Amino acid sequence: MLPGTQLSRAYDKDVAGRADVYHFLNKTKDFVIDASSGVITSTKVFNYETDPIRFLLIVDSGGLRRRVLTVNIIDVPESPDCTADPQFSSGTATVELDEDYPLFQSIYRVTATDEDFANGDRLKYTIETQLSGPKRGANCFGVDPVSGVVSVNGEDSLDFDAGFHVFQLALRATDTKGLFCQGTLIIRVRNINDEKPQFEPFPLNLINVTEKMPVGEIIARVKATDRDEDSSITYSFKTQQEVFRLDPVTGIITLLKPLNLDKPNNSKVYPLEVEARDNGNHSSTYVFTVSVENVDEPISCDSSFSTGAGVSVSVPENTPASAPIYMILSRDPDLEQEVEFLILNSSVNATAYFNLDSHNGVISKTMEPLLDYETNPKHFQLVIAVRSREDLSVESCTGTITINIQNVNDESPILTYIPDAPINIYENLPVGTELVKLTATDRDIGDSVHYEFIDTPKEFSINEDSEVVTVAYPLDYEDVSTPKSWVLYFRAYDNERMHSTTGTLTVILQDVNDNRPQCSQDIYIIELPENIPVETLLVSLACTDKDGTVPNNNITYHLITDTFSNETFTLTNNELKIGPSHLDFDNAVFAGMHFKYTLFVRVSDEGNPVLSTMITVIVRVSRINELNPTGTTLAFTFSILENSPVDTLVGEITFTDADWPFNDVKYAIVGGNLGTPPKFYIEPDTGMIKLLDSLDREMQSQYKIAVRVTDLDNDALPDPIRQRSATAQVTVHVLNVNDEPPVCTPPHLETRIYSAMKTPFIQLNCSDRDSPQEHLSYSIVGGNTNNRFTLWRRDFGPPSLAATQNFQGDVFQGILAPETFQLLIEVTDELGGDTVSQLSTTTAVIIHVFPWSTTQPTPSTMTATTTITTSVLTKISYYWSPDNWIPAVLTLTGALFLTCLYAVAWCLFKDVPACWRLFPHCHKHQQKHPSITAGESGQVTRHGNLSSGDSNPNMKPSLLPGNHQLVVPDLFKKHLPFYIIVCFLG
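Source: prediction; values computed, not measured. (Residues numbered from 1 in each chain as written. Predicted model: local features only at pLDDT ≥ 70, side-chain atom pairs only at ≥ 80, totals over all residues. Heavy atoms only, no water.)

The residue E496 is located in the loop between β39 (485–493) and β40 (500–510) in this model. Taking relative accessible area as the criterion, E496 reaches 64% and is therefore assigned exposed. Put simply, E496 and S448 are 48 residues apart on the chain and 9.6 Å apart in space, counted from C-alpha to C-alpha. (Helix = DSSP H or I, 4+ residues; strand = E, 2+ residues; numbered from the N terminus. Buried < 20%, exposed > 50% of the residue type's maximum accessible area, 1.4 Å probe, protein only.)

All right, on to the side chain of N673 then. Topologically, N673 is positioned in the loop between β54 (665–671) and β55 (680–682). Of note is the side chain of N673, whose polar atom sits 2.5 Å from the backbone oxygen of F680. Setting aside chain neighbours within four positions, we find N673 in contact with P678, K679, F680 and I705. (Polar contact = N/O pair within 3.5 Å; in protein donor to acceptor, adjacent residues only side chain to side chain. Contact = heavy atoms within 4.5 Å.)

It is worth spelling out the sheet that holds strand β25 (residues 324–327) at this point. Strand order in the open sheet formed by three strands is β25-β29-β28, with antiparallel pairing between adjacent strands. The sheet is open, and its two borders are formed by β25 and β28 (354–356), each paired with just one other strand. Pairs of neighbouring strands in the sheet enclose a mean axial angle of 20°, with direction left out of account. Alignment of β25 against strand β29 (residues 362–365), held across three bridges, turns out to be antiparallel. Among the inter-strand pairings, Y326 is bridged to a residue of β29, identified as I363. (Pairing = 2+ DSSP bridges. Axes fitted to C-alpha atoms, helices over the stretch in contact; angles between N-to-C directions.)

In the numbering adopted here, UniProt assigns the feature "transmembrane region" (unreviewed entry) to residues 885–909. Note that residues 885–909 is 100% helix and 0% strand, and that its end C-alpha atoms are spaced 37 Å apart. (UniProt positions renumbered as here; feature names shortened; annotations may be inferred.)

Moving on, we come to the sheet that holds strand β48 (residues 596–605). With mixed pairing, four strands are arranged side by side in an open sheet as β42-β49-β48-β45. Both edges of this open sheet fall to β42 (523–529) and β45 (555–560), since each of them pairs with a single strand only. Across this sheet, the average inter-strand angle for adjacent strands is 25°, counted without regard to direction. Where β42 meets strand β49 (residues 612–622), seven bridges bridge the pair, whose relative direction is parallel. In the sheet register, L528 faces β49, and the bridge partner there is V621.

Note on pairing: side chains with opposite charge can pair once their charged atoms come close. Under the counting rule described, the total for this entry stands at 16 salt bridges. As a salt-bridge pair, K238 and E275 come within 3.5 Å of each other at their nearest N and O atoms. Of this pair, K238 sits in the loop between β18 (233–237) and β19 (244–246) while E275 sits in strand β21 (residues 269–278), and the two are 37 residues apart along the sequence. In this structure K238 comes out as partly exposed when scored by relative accessible area, which is 43%. For E275, the salt bridge is made with R277, and the minimal N-O distance between the two is 3.1 Å. Connected through shared salt-bridge partners, E96, D98 and R190 make up one network. (Salt bridge = Lys/Arg side-chain N within 4 Å of Asp/Glu carboxyl O.)

Overall, the coordinates contain four disulfides when judged by the stated rule. In this model, C301 is linked to C397 through a disulfide, with the two sulfur atoms separated by 1.5 Å. Taken together, the positions of C301 in strand β23 (residues 300–301) and C397 in strand β31 (residues 395–406) put the pair 96 residues apart, joining distant regions of the chain. Between the sulfur atoms of C744 and its disulfide mate C766 the distance is 2.0 Å. Residues C744 and C766 are joined by a disulfide whose S-S torsion is about 100°; by sign, that bridge is right-handed. Here C744, found in strand β59 (residues 743–744), pairs with C766, found in strand β62 (residues 766–767); they are 22 residues apart in sequence, far enough to count as distant. For the pair C744 and C766, a shared accessibility class is recorded, and that class is buried. (Disulfide = S-S within 2.5 Å.)

With that out of the way, let us pick up unusual backbone geometry. Along the chain, W660 connects to P661 via a cis peptide bond; the corresponding omega equals -5°. One non-glycine residue, F104, lies in the positive phi region at around 60°. Of note, F104 is situated in the loop between β7 (93–98) and β8 (108–109). With a relative accessible area of 61%, F104 lands in the exposed category. Phi angles above zero are rare outside glycine, and N428 is one such case at about 70°. Within the secondary structure, N428 is located in the loop between β33 (423–426) and β34 (434–437).

Residues I454, V487 and Y489 make up a contiguous nonpolar surface patch of about 260 Å² in total accessible area. In this fold, I454 is placed in the loop between β36 (450–453) and β37 (460–462). For I454, a relative accessible area of 32% puts it in the partly exposed group. (Patch = residues over 30% accessible without salt bridge, like charges linked within 9 Å, V, L, I, M, F, W, Y side chains within 5 Å. Areas by Shrake-Rupley, 256 points an atom, 1.4 Å probe, with all protein chains shown as cover.)

Bringing the confidence of the model for the chain into the picture now. Averaged over the chain, the pLDDT score is 82; the fraction of residues at 70 or greater is 85%. Mean pLDDT across the secondary structure elements of the chain bottoms out at helix α6 (residues 970–974), with 50, and peaks at strand β4 (residues 39–42), with 94. Contacts for the low-pLDDT stretch residues 854–875, under 50 throughout, to residues beyond four places or in other chains number six contacts. This stretch, residues 923–969, has a pLDDT under 50; its non-local contacts, to residues over four places away or in other chains, come to 40 contacts. (pLDDT = per-residue confidence, 0-100.)

Given below as structure tokens:
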């Protein structure tokens, strides 16, 4: 709070208006009091952390009583201070470090202070921005949030050679209240020789050369680069080489020895490891291979195969498939060179029955067809060429092989039906479902065909006799242990298992949409403040579908909302965000929803049928005090009669607050309501301004007060700092009431006139503080004998007194000697108004009238002298104003006194029959048990019954229920006077 701010005001009505009356009894430099007005102000800006937080000021106005004003200093959060390092706060703090600076080692420490530290406040250090140059985008540094130490965090490499030469960090120190200070740190990176040479690799890390390459020929050139500036590279072999030479400067590799592969000691492959070293002693190695290619030479074959009619071979018709029939002998003089065998020509369908292995020259029986002596040719002829595999264009030798078929009595089953296309089946087929029915025949008479799987799969079974293939195990496409396709090998065999035939079935498993989408959570509960920005991400849904194929596992998301939340949330793909409308806690409909949104997201796949899963998202909204109280106007005007009693309603201020709960505001008068006590007060809850002290329009006809309207309970957690308020200016006009009587100045008049006076001779001077002059009426109410005087009034001013006739002696009722008249004139206000509210005053006018005569009065005539004495009557009224408990004590004492009087009267008149109605006896019986008077005489009882002679005077009253008998103890009767005296003393 700035110096000179008014804190309070001392007011003593006994010294009001005097100068130099108020002062402090205790000395203080921090506060001053105006000696005339009593206004107390501060002289400095206080610091909660260093100054005292409480001051006691003793105010004296010269009277007997002093007042003590307590001033409490309230702490205001202060921003942290980063000026301990001026270069940091001004943005010129610079640090230089090498690009290989260690991780997490201190580079710079942010020095910030906070005066609120002593009150438990703590600072948190953060990096707001991190700019790198000339290359952008590096994030190499971090700051410890507690100590403020800046270090290399290792998230990105601090590499000068990558273009990161300088960094600019914007560092911020923030306290627990959200206040902060900020500075800039510039970090310059020094380049060092820290990069290794990098080789440019050969394709596949391989160099191919022929065995005929001459010595001294250049084989290849290795090349390495270094990212460090001004770096030179030298090359060398990691191991000693005898076949190759490496130039250390150019990296050129040349041949030192022949590479002839016909020599057994020569290798076909030479692995080479080359080292590149820069002038900073950084090195790297590169390994590659030199492969030597062979040059082909002519191939030699078996002479029986390559000359004349060739070779003739006989085989039985039941030769099994793949059985070797004949092997062609040949070789290649080149070491490790392979030969290739090709069929150049053959007799009809020879290649359908026989197969030639191109690698080893073995002729074998093919799988299909069978060598049936009864239906197939008896002889087959193959023309075969042998050549080098590396040079297919050169044939080295050619020969002929004749195969003769020998008859064997044997027939195998023949498959007549096998599906050509793969069998597509759906998962989840019931066990026992038929897939296919196979058919086969056996040409042998009386032989039947049976079936079996060669490699028995657990998923399928085949009936041995009915040829039906069925599902034998539940199939689940999503089960990783279940294959997605099968190649089923089966065998058809005869009765004795002497002959058999094999076949294959291909079965492909098809996916079925039988899995709903599965999500990581079925329900999300999120709590957000109502002022969270639009486009804020609420949740990213993570859902998968176990189905293995498209579109069964394609997932789509659909947001299901009601009309209230339709524009508040948006679902894009799997991301639920706020928008396009923002959250609004302050809504009556939303209050009926318990301030929460219940959203549903349907997660569906694209299979047939479509399967879906519902996710529930509950968004709870917490309230934030966002809006200031508002009124229809900020200036209010009210009127009140000046004689209105205390607690009269002056007017009502109405403000509204759109924050929930609606219109929860508090009203307080904060200015203009001066005086002790103040003239007005306001009800905090209703805003009704009422009268607190009496008004006097003649003293002050208008009041201007300031009313602050503060909202309440508009945050989820009460926070006085975030309370919002508005100020209204109120003008109160005090309406006039006739409460002041007319006043005449002076209160009485005296004058001397001659009896011949006919014009007005004296003017009254009367006024009224609450009535204008024209509202005053004047009348002579006394002393106007024979109506000799009248009031003469011109316009609306005060009237003048005039004579109605002269006072000559010869005039009727005239005067012959001096005479004194004393007139009483009544002045009444509110002319023409309500007579009940009219007020009046009386003034006296003394007139000495002298006769107008040419002769002097006789000396014997004595002129009477009138003496006017002004007396001031002072009446002092004294009254007693007791405390609240005294009337209660007096009332109780009066009640006891009346009780005592009644007791005395009862003792005196209880036996008088005429007074029995006022003073009844104390004992009373039911009608079944008439009361008996004390004594043994036969007097008449109260009920008029004669007492019998057998009545027992010593009979005790029955105390049983039903005998409602009240008896006054004798002891009480004996001491009754004592009790009466005690009551009188009380």
